[in-house]
Amino acid sequence: MILYDYPRAPNPMRVNLFINEKKLNIKRVHVDLSKHHNLKPKFLKLNPWGTVPFLRYKNQTICESIAICRFLESKKTTPKLFGSNPVEIAKIEMYRRKVEFDGLQAVGEAFRNSVDAFKERVFAGPAKILAIPELVKRGKKRSILFFDFLEKNLKKKKYVAGDKFSIADIDAYTVLAFAKWIKIDGCENRKYIKAWAEKLEKRKSFKDYFNLIS
Ligand SMILES: N[C@@H](CCC(=O)N[C@@H](CS)C(=O)NCC(=O)O)C(=O)O
């Protein structure tokens, strides 16, 4: 099994945190996104979507961060990061999707539409699609609304989807880290997010990730 990786970027970040939580040892190939190595013909032959992370396993390509995490969850079932009973599984999925659609996409919208390097390739991968600068403001506004939602949610709960750490926490923390790229500090004036983030940063999986990218 080989993970094609660029750990600083948000989607690889969430997969790396997941791998660390599972204590898995996976061989990596570093794909330098800053040098557009994901768009080289050799890369596109393996993964025509032109994105990382992706897994190669027995001549198969598995793209999409959550598909990769689900694959790893089925390979190593503990700790159960997608839940362990029907209600828990549904709640984790519910919050995880909310985080992905309202948080990750909002920050991504502001980031990708604001960066010069992406002005002709606003979505990840080889397709040429022009950025819309007006979307930067909207993406930032949506990001702030997301952090307000997260703050209210964490006021009532220990973790994003309930009283257990899950993939929803990994995704939400990734949004918090990614938002710094658009100069939004989700912890500012939000004491519940701040306390939750500090708690997560004490986990070995998070410390190992920070060491990997430092
Ligand atoms: N939905 C995909 C998104 C993958 C994605 O957008 N990856 C980014 C890095 S965070 C990428 O490969 N960017 C390459 C590019 O900008 O062309 C996932 O969840 O893995």
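Let us look at the structure shown here. The structure displayed is predicted, hence computed values, not measured ones. (Residues numbered from 1 in each chain as written. Predicted model: local features only at pLDDT ≥ 70, side-chain atom pairs only at ≥ 80, totals over all residues. Heavy atoms only, no water.)

## Thoughts on the pattern of salt bridges
- For the structure on display, the rule yields 18 salt bridges.
- Where Arg-96 meets Asp-171, a salt bridge forms, and the shortest distance between an N and an O atom there is 3.4 Å. Of this pair, Arg-96 sits in helix α4 (residues 86-112) while Asp-171 sits in helix α6 (residues 167-179); the two residues are 75 residues apart in sequence, bridging distant segments of the chain. Side by side, Arg-96 and Asp-171 carry an identical accessibility label, which is buried.
- Glu-198 serves as the salt-bridge partner of Lys-194, at 3.2 Å between the closest nitrogen and oxygen. Here Glu-198 and Lys-194 lie together in helix α7 (residues 191-201), a separation of 4 residues that amounts to about one turn.
- Note on Lys-194: relative accessible area 40%, which makes it partly exposed.
- Residue classification places Glu-198 among the partly exposed positions, given a relative accessible area of 38%.
- Counted as one network, the salt bridges with shared partners bring together Arg-14, Arg-70, Glu-93, Arg-96, Glu-100 and Asp-171. (Salt bridge = Lys/Arg side-chain N within 4 Å of Asp/Glu carboxyl O. Helix = DSSP H or I, 4+ residues; strand = E, 2+ residues; numbered from the N terminus. Buried < 20%, exposed > 50% of the residue type's maximum accessible area, 1.4 Å probe, protein only.)

## Looking at the site of the ligand
- The immediate surroundings of the ligand are formed by 17 residues, with Val-52, Glu-64, Ser-65, Arg-112 and Arg-121 found nearest.
- Coverage of the ligand by the protein chains reaches 85% of its 510 Å² of free accessible surface.
- More than half of the atoms of the ligand fall within 2 Å of the grid points belonging to the largest pocket.
- Top contributing element to the shell around the ligand by residue count: helix α1 (residues 10-22), with 4 residues.
- Built from parts of two domains, the shell around the ligand gets at least three residues from each of domain 1 (2-75) and domain 2 (86-203). (Near = heavy atom within 4 Å. Areas by Shrake-Rupley, 256 points an atom, 1.4 Å probe, with all protein chains shown as cover. 1 Å grid on protein atoms, 1.4 Å probe; cavity = no way out; pocket = protein on both sides within 12 Å on 5 of 7 lines; lining within 4 Å. Sits in = over half its atoms within 2 Å of the grid points. Domains from an automatic or database assignment.)

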